[in-house]
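# Geometric and topological summary
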Amino acid sequence: MSDPAPPNPSRRWRRRVLHAVRLGLFATVVGLIASVPAGSIEDAAGDGSGDGLPPAARAAAATLFPAAAAFGEPDAATGAVPVLDAAGERLGFLLKTMPDSRRIVGFSGPSDLLIAFEEGDGDAVIRGVSILRSGDTDEHVAAVREADVLNGRFVGKTWSEAASAPPPDAVSGATLTARAMWQSIRVRLDGNAPIVPRFEEVLTVEKAQTLFPDAAAIALAEGVGRFTVSNAAGEPLGSLLRTSPAADGVIGYQGPTEAFVGFNAEDQKAVGLIVDDTFDNEPYVTYLREDEWGFLRLFDGMTVEELAARGPADGGYDAVSGATMTSLAVVDGAILAAKADLAAAEPTAAPPPTDGGSPSAWDALTWRNVDWGMLALVAGAVLVGFTRLRGFKAVRWAWLALLIGYLGVWRGDLLSQAMWVGWAEHGVPWRTASGLALLTAAALSLPVVTKRNVYCTHLCPHGAVQQAFVGGVFGQRLKPRRSVGRGARRALALLPPALLALVLLAAFGFPLVAPVALEPFDAWHWSLAGLATKTIFVVGLIAALFVPMAYCRHGCPTGALLEYLRANARSDRWTARDWVAVALTAFAAGLRFLA
């Protein structure tokens, strides 16, 4: 019997070097996405003709002015670009809102709009408004375009009339984006136009009565301040501390929420919380409003000083089940408002942050902010995946049920390309999504150091459902047994890279489709998911009834990425997957150059 061959040192080092290259390609793409400055929304450069108009503006102008043949030099004072016909006569002029609107952010970024004025016998009037580029999400921008509220508000108005135009009508699911675009136009037309707070709805006596039943009058305050609450005799009952605008930048699941903290007049201690107007998902906010003896009493007994000194929102203590990110954002907003209230009383004190800025990773990763449920789940996955426990059928079924029920149905926490792209662009929301941050860290690191893709095999609820099919959850006769042919397998191998290319296009501002519509994971929040996401969810699971792990093996870009990062016995070889990764990295570099 011959001795086993000794390990080959050169092969070991080749494996390490090549895998370091793979990790470097991944890090390069992440860095390229993160390097796209917010200001790039404004600077889709012109074509060198001197008018400063980017191609998108020229295309929009051609639609608005069919007789347009040329564009003149921009006006030195206003930046207006004349629109000329074939005879050189002026038809009107164009204005871009950038860079004036750089500071006006909707849901996730600023927008650049084109305002087209038509000239006639009298004053020039707006002929149309077009959205050139936006840092907001594709879904929000598409909703504003479809509702056409900007043209409805501004078309036919003169410069001065448009500068003072009221806000547009609400756009379902995209009101924040619509208002930001409206405000961008106002600021472009009147540089002195005030930035209107995101929340304008006035607090009513009826709302104040939820905390002060005898309330008969409230004294309104502007900005961050107190609303004094009094009874019919004019006696003070207490006050309400408004979180807006101090917390306007604190985003929950999909937008900020305004709240009021009530303080008793006698001892100046908190007596409750009012969750008011919101740009967040309304069902989530409703969970907060209905938690009368839990979340709405979270600050009871605290003075404003104690509230201001309170630590950041705690995912284990402050969160409302089913609305974690929304509830933590409201808590952080109240703390910011309390700090602003104290700073206003002490003019010499350093101003508090008002943009809801994210803390550093080191500050955010404190024991108060650890998502213990997710930590336990990751530890359990490692235990099941790396020990003999995975060989026990009862343990496997119990684990699949836990993943599907707790992580999938209850929490809806799945990793996705859309989430990772958002984090690369805007940073990781450590406080409000510490569990997902932990899940991401485990998903990315474990394949590298353990050679096992633990997330896909032991943590993903979507994969757990397909594993249940393979395990015969519907009976042995209905277990999926078919496999795709070699030709189909080769064709399907191109699907995940193609989807990743679409993700890159969206990440660098050239979206053909929103990343969230490329994967089924948002459908675990069924009421919030779009049609494309639901379709992939249903079709993928139906396919998995016939082909084992159909979606995981052939259609998941996130799984394909994690599998590429996994160290394995073939890591010392340069394969076709590596050339695909190089091509995607080069593609990302080219998009970054164009962005």
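Residues numbered from 1 in each chain as written. Predicted model: local features only at pLDDT ≥ 70, side-chain atom pairs only at ≥ 80, totals over all residues. Heavy atoms only, no water.

### With respect to the overall build of the chain
For the chain, the count of helices and strands is 23 helices and 10 strands. Buried positions account for 46% of the 595 residues belonging to the chain. A fraction of 60% describes how many contacts in the chain between residues 6 or more apart in sequence connect residues 24 or more apart. Taken as a whole, the chain presents about 28300 Å² of accessible surface, with 60% of it coming from carbon and sulfur. (Helix = DSSP H or I, 4+ residues; strand = E, 2+ residues; numbered from the N terminus. Buried < 20%, exposed > 50% of the residue type's maximum accessible area, 1.4 Å probe, protein only. Contact = heavy atoms within 4.5 Å. Areas by Shrake-Rupley, 256 points an atom, 1.4 Å probe, with all protein chains shown as cover.)

### Focus: the side chain of T558
By the element assignment, T558 lies in helix α22 (residues 557-565). Its relative accessible area of 2% is what places T558 among the buried residues. In terms of polar contacts, T558 uses its side chain to reach the side chain of Q417, at 3.1 Å. In terms of polar contacts, T558 uses its side chain to reach the side chain of E519, at 2.6 Å. Once you skip the residues sitting within four places of it in the chain, T558 turns out to touch L415, S416, Q417, W420, E519 and F521. (Polar contact = N/O pair within 3.5 Å; in protein donor to acceptor, adjacent residues only side chain to side chain.)

### Overview of the sheet that holds strand β4 (residues 111-118)
Across the sheet, which stays open at both edges, the five strands sit in the order β1-β2-β3-β4-β5 with antiparallel pairing between neighbours. Both outer strands of the open sheet, β1 (70-71) and β5 (125-134), are each paired with one neighbouring strand and no more. Judged from the eight bridges that link them, β4 and β5 form a sheet pairing that is antiparallel. Each bridged residue has a counterpart across the sheet, and for D112 the counterpart in β5 is R133. Lying over the sheet, helix α2 (residues 55-64) contacts β1, β3 (90-96), β4 and β5, oriented at roughly 150° with respect to β5. (Pairing = 2+ DSSP bridges. Axes fitted to C-alpha atoms, helices over the stretch in contact; angles between N-to-C directions.)

### What to know about the sheet that holds strand β8 (residues 236-242)
Read from one edge to the other, the open sheet built from five strands follows the order β6-β7-β8-β9-β10, with strand pairing classed as antiparallel. The open sheet terminates on both sides in strands that have one partner only, identified here as β6 (217-219) and β10 (270-278). Here the strands of the sheet are splayed against their neighbours by 25° on average, with no regard to which way each runs. For strand β7 (residues 226-230) and β8, the ladder comprises five bridges, and the chain directions are antiparallel. Looking at β8, one finds that V229 is bridged to G238.

### Here we look at unusual backbone geometry
In this structure, the amide linkage connecting M98 to the following residue, P99, adopts the cis form with an omega of 5°. At D148, a position not held by glycine, the phi torsion is positive, near 55°. A relative accessible area of 40% means that D148 is categorised as partly exposed.

### Here we look at helix α8 (residues 282-290)
Of the residues making up α8, those classed as buried are Y284, V285 and L288. Projection of α8 onto a plane perpendicular to its axis shows the buried side chains occupying an angular sector of 95°, all on one side. (Arc of directions from axis to C-beta.)

### Quick word on helix α15 (residues 434-450)
Helix length check: α15 (17 residues) gives 23 Å between terminal C-alpha atoms against 24 Å at 1.5 Å per residue, within 8%. Within α15, burial applies to S434, G435, L436, A437, L439, T440, A442, A443, L446 and P447. One or two steps after α15, the chain reaches K451, where phi turns positive at roughly 70°. (Expected span 1.5 Å × (residues − 1).)

### Examining the packing of helix α12 (residues 372-386) against helix α13 (residues 393-411)
Relative orientation and spacing of two packed helices are given, respectively, by the angle between their axes and the distance between those axes. In the contact formed by α12 and α13, the axes pass within 12 Å of each other and the chain directions differ by 155°. Put simply, α12 runs roughly antiparallel to α13. For the pair α12 and α13, the sense of crossing is left-handed. Across from G373, M374, L377, G380, A381 and V384 in α12, the residues of α13 making contact are V395, W399, L402, L403, Y406, L407 and R411. Of the residues contributing to the contact of α12 with α13, the split by class is 10 nonpolar, two polar and one charged. (Parallel < 35°, antiparallel > 145°, perpendicular 65-115°, else oblique. Left-handed = near helix turned anticlockwise from the far one by under 90°. Nonpolar A, V, L, I, M, F, W, Y, C, P; charged D, E, K, R; others polar.)

### Some thoughts on the environment of R481
With respect to the helices and strands, R481 occurs in the loop between α17 (461-470) and α18 (486-492). On the basis of relative accessible area, R481 is assigned to the exposed category, the value being 58%. Here R481 is in contact with Q476, F546 and P548, once residues within four sequence places are set aside.

### Some remarks on the confidence of the model for the chain
Of all residues in the chain, 85% attain a pLDDT of 70 or more, and the chain-wide mean is 82. Contacts for the low-pLDDT stretch residues 38-48, under 50 throughout, to residues beyond four places or in other chains number 25 contacts. For the stretch residues 348-369, pLDDT sits under 50, and the model shows 33 contacts to residues farther than four places along the chain or on other chains. (pLDDT = per-residue confidence, 0-100.)

### Some thoughts on the pairing of β8
Counted residue by residue, β8 has five buried out of seven residues, so it is predominantly covered. Where β8 lies against strand β9 (residues 257-264), five bridges are found, and the strand directions are antiparallel. Bridging across to β9, G238 finds its partner in N264.

### With respect to the pairing of β5
Successive side chains on a regular strand alternate, one facing one side of the sheet and the next facing the other. Here β5 lies mainly inside the structure; seven of its 10 residues are buried. Hairpin connection, β4 to β5: the antiparallel pair is bridged by six residues.

### Digging into the side chain of T585
Here T585 lies in helix α23 (residues 576-594). A relative accessible area of 12% places T585 in the buried class. Residues contacting T585, with those up to four places away along its chain left out, are L25, T28, V29 and L32.

### Focus: a nonpolar patch on the surface
Nonpolar side chains collect at one region of the surface, where V473, F474, L478, W526, V538, I542, L545 and F546 lie side by side and expose about 750 Å² of accessible area between them. The residue W526 is located in the loop between α19 (495-507) and α20 (531-544) in this model. The class for W526 is partly exposed, based on a relative accessible area of 42%. (Patch = residues over 30% accessible without salt bridge, like charges linked within 9 Å, V, L, I, M, F, W, Y side chains within 5 Å. Salt bridge = Lys/Arg side-chain N within 4 Å of Asp/Glu carboxyl O.)

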